[in-house]
Each structure stands twice: as C-alpha cells, then as structure tokens.
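Next come the chains, spelled out residue by residue.
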Amino acid sequence: MDTREFADLERREWADADVARSYANAFAKASDMVVPHLVAAVDTGPGRTVLDLCCGHGNVAAGLVATGADVTGLDFSAAMLDLARANVPDARFVEGDAMTLPFAGAQFDAVTIGFGMPHLPDPPAALHEARRVLKPGGRIAFSVWCGPEVDTALGYVFDAIATHGDPSIVLPPGPGANDYADPDTAYPALDAAGFTAFSCETVPARWDVTDPGAPYDFFLEGTARGGALLRPQPDAQARAIRAAVVARVRANHGDGPRWNVPIPAVVTSARAI
C-alpha cells in the first residue's frame with residue numbers, strides 16, 4: 001500500500017496551529033483520561049528515562065514527568081511541539097519521525113505512544129524503532145481509540161459521514177484508525193518487533209458536554225483524519241452529518257442537559273526482549 005498521500009495529509013493537518021490547539025483544548029479531554037493508564041503500564045519513576053513518541057501537546061509527557069522520570073517527547077508537528085514545550089517545561093521535546101528515530105540504541109527504559117499509531121504511515125516500523133531504542137526489559141505502551149463496534153463517539157461521527165457525507169470526499173490509503181486497538185493486530189506486530197508479555201486494557205474515556213453535537217465539532221476542528229473528511233463537506237452535507245450525530249447522542253444518552261459521551265480506548269503494553 002502506497003501511504004505517501006496519507007503521510008502528506010497527516011503532516012499538513014497537524015501543521016495547522018488551529019487544529020493543534022483545538023485538539024489540546026477540547027478533543028484531549030478524553031485522551032487525558034487515558035494518560036494515567038499509559039503511565040502505569042510502563043512502570044516508570046525517578047531516574048527512569050522515557051521516550052514519549054507522537055507526543056502531541058504533551059499530556060502524556062506531563063503524566064510521565066509527574067512520576068519523576070526523565071522524559072523526552074518527539075513529534076512531527078511543530079505546532080504541537082510549541083504547545084508541549086509551554087505545557088511541560090520539565091521535559092525535552094524534539095521534532096522528528098517516529099519511524100526513523102534520532103536516538104542511539106538501548107537508550108530508554110520505556111516508550112509511550114499516546115494515540116499516535118493511527119497517524120503513522122507504517123506503524124510496525126515505529127514499533128521496530130521503539131524496540132531499537134529501548135533497553136532489554138524496557139516497557140512500551142500505546143493507546144488507540146476503540147472502533148465503531150462498541151458504543152463510541154468515533155462511531156457516531158464516522159457513521160454519520162458515511163451516511164450523509166459527500167461520497168467524493170475520501171481519505172488516501174493508510175492504516176485503519178482503530179487497527180491497533182485489536183490484539184489480533186497489535187500483538188503479532190509487537191512480537192515481530194521484539195517484544196513479549198503483551199497485555200491490553202480498555203479505558204472508558206468520555207466527553208462531558210452540554211451540546212449533543214460537540215463530538216462532531218471536536219472531530220471537525222481538532223483532528224486530522226476526521227477533519228480532512230469534515231472540513232471540505234458542502235454546507236448541506238455538513239448540517240446533515242452534525243444533525244445525525246446529535247440524534248445518535250440523544251438516542252443513546254438521553255435528552256440532557258448534559259451528556260457523557262463515550263469514546264473508549266485500548267492501552268496495549270509489552271516488554272522488550
């Protein structure tokens with residue numbers, strides 16, 4: 001599969017400072033709930049060196065720093081790194097490619113990847129690089145949003161796009177957004193990269209909102225993949241998509257005035273051989 005167009009889309013969307021800020025300010029209220037589980041999965045603390053790949057605005061790095069760890073964050077988005085440096089001054093942040101890391105081998109005690117796997121054109125390459133820079137026995141943990149087979153805002157939005165969106169607006173070929181939430185995909189990739197002792201945990205993350213259309217807004221304004229499908233929609237289709245999300249939230253979670261909208265995630269962890 002040629003993923004060059006997908007890689008270009010990811011870099012273009014996350015280079016937009018408005019998209020980065022919207023993710024950090026709104027969408028990340030759900031990903032923040034997953035941070036303690038990622039941190040616990042790598043069993044870190046004072047004196048431990050941790051690499052936070054696809055670090056975004058630094059929410060995972062902040063959780064790692066709070067344990068006393070020596071934290072380095074890496075991301076391809078300069079806009080996200082600007083936010084991370086402001087948010088987590090006690091960590092180091094570098095711009096780089098998770099699939100070609102600028103670090104020596106066996107350098108870190110742990111690696112975290114907070115929701116970065118679906119944004120990588122070649123996730124197995126990133127796992128191999130993570131193993132290369134980990135010391136033997138080091139821990140890796142990554143998080144991925146659950147797919148639409150469960151009750152999730154992700155399903156509400158992407159189902160609405162499929163039903164009401166302009167069919168000419170499509171994503172370029174790339175990894176599935178939820179592939180690595182599935183142990184049948186994640187565990188063999190970890191095994192091939194040199195890891196063992198696999199485990200996974202489902203985290204019931206959610207958004208607490210006062211507008212049942214908020215999940216649409218969060219994907220529109222603060223994501224790459226969802227935003228690339230939603231931002232070009234003609235007005236009529238955009239209104240229909242948002243209305244369908246509102247109807248789904250109300251049907252599943254009542255008439256408000258507040259809604260706890262689920263967007264669960266899977267945290268997968270393993271140990272370097």
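This text follows the structure it describes.
Worth saying up front: this structure is predicted, and the values here are computed from it rather than measured.

Calculation criteria
- Residues numbered from 1 in each chain as written.
- Predicted model: local features only at pLDDT ≥ 70, side-chain atom pairs only at ≥ 80, totals over all residues.
- Heavy atoms only, no water.
- Helix = DSSP H or I, 4+ residues; strand = E, 2+ residues; numbered from the N terminus.
- Buried < 20%, exposed > 50% of the residue type's maximum accessible area, 1.4 Å probe, protein only.
- Arc of directions from axis to C-beta.
- Contact = heavy atoms within 4.5 Å.
- Polar contact = N/O pair within 3.5 Å; in protein donor to acceptor, adjacent residues only side chain to side chain.
- Salt bridge = Lys/Arg side-chain N within 4 Å of Asp/Glu carboxyl O.
- Pairing = 2+ DSSP bridges.
- Axes fitted to C-alpha atoms, helices over the stretch in contact; angles between N-to-C directions.
- Patch = residues over 30% accessible without salt bridge, like charges linked within 9 Å, V, L, I, M, F, W, Y side chains within 5 Å.
- Areas by Shrake-Rupley, 256 points an atom, 1.4 Å probe, with all protein chains shown as cover.
- Lys, Arg positive; Asp, Glu negative; His and termini not counted.
- Charge placed at Lys NZ, Arg CZ, Asp CG, Glu CD.

(A) The environment of A26, seen in detail. Relative to the elements of secondary structure, A26 occurs in helix α2 (residues 17–31). Put simply, A26 and A79 are 53 residues apart on the chain and 16 Å apart in space, counted from C-alpha to C-alpha.

(B) Local environment of helix α8 (residues 183–193). Turning to α8, its buried residues are A186, A189, L190 and A193. One side of α8 carries all its buried residues, which in axial view fall inside an arc of 100°. Residues of α8 that are exposed and point over 90 degrees away from its buried face: D184 and A192. Buried residues along α8 sit against α6 (123–133), β5 (134–145), β6 (195–203) and β9 (265–272). Of the residues that open α8, the one with a side-chain oxygen 2.9 Å from the backbone nitrogen of D184 is D182. Downstream of α8 by one or two residues, G194 has phi in the positive range, about 105°.

(C) Quick look at the pattern of salt bridges. Enumeration over the complete set of coordinates arrives at 13 salt bridges. Two residues, E13 and R231, come together in a salt bridge whose shortest N-O distance is 2.3 Å. Taken together, the residues span a long stretch of sequence, with E13 in helix α1 (residues 4–14) and R231 in the loop between α10 (225–230) and α11 (235–253) at a distance of 218 residues. Taking the relative accessible area as the measure of exposure, E13 reaches 12% and is therefore buried. Under the relative-accessibility criterion, R231 is labelled partly exposed at 34%. Between D217 and R242 there is a salt bridge, with its nearest N and O atoms 2.9 Å apart. Residue D217 is found in helix α9 (residues 214–222), and its partner R242 is found in helix α11; the two are separated by 25 residues along the sequence. You can call R242 partly exposed: its relative accessible area is 24%. Taken together, the shared-partner salt bridges connect R12, E13 and R231 into one network.

(D) Quick look at the side chain of T268. Counting through the fold element by element, T268 comes out in strand β9. Ignoring anything within four residues of it in the chain, the contact list for T268 reads I140, A141, F142, Y180, A186, Y187, L190, S199 and C200.

(E) Structural view of the sheet that holds β6. Ordered by their spatial adjacency, 7 strands build an open sheet running β3-β2-β1-β4-β5-β9-β6, and the pairing between neighbours is mixed. Two strands bound the open sheet, and with one partner strand each, they are β3 (92–95) and β6. On average, each strand axis in the sheet is inclined to that of its neighbour by 15°, with strand direction left out of account. Of the strands in this sheet, β2 (70–75) and β3 are in contact with helix α5 (residues 78–87), which crosses β3 at around 170°. Across the sheet, α8 is in contact with β5, β6 and β9; its angle to β6 comes to roughly 150°.

(F) Structural view of a negative patch on the surface. Among the surface-exposed residues, E149, D179, D182 and D184 lie close enough to one another that they form a single negatively charged patch. Counting through the fold element by element, D179 comes out in the loop between α7 (153–164) and α8. Since its relative accessible area comes to 33%, D179 is described here as partly exposed.

(G) Representation of the pairing of β9 in the model. Within β9, 7 of the 8 residues are buried, leaving the element largely enclosed by the surrounding structure. Examined bridge by bridge, β5 and β9 share 7 bridges and lie antiparallel to one another. Within β9, the position partnered with S143 by the bridge is V267. Where β6 meets β9, 7 bridges bridge the pair, whose relative direction is antiparallel. Residue pairing across strands places C200 opposite T268, the latter belonging to β9.

(H) Fine view of the side chain of T72. Its location among the elements puts T72 in strand β2. The buried category is assigned to T72, whose relative accessible area is 5%. At 3.1 Å, the side chain of T72 and the side chain of R92 are in polar contact. Those residues in contact with T72 that lie beyond four places of it in its chain are V50, L51, D52, R92, F103 and F108.

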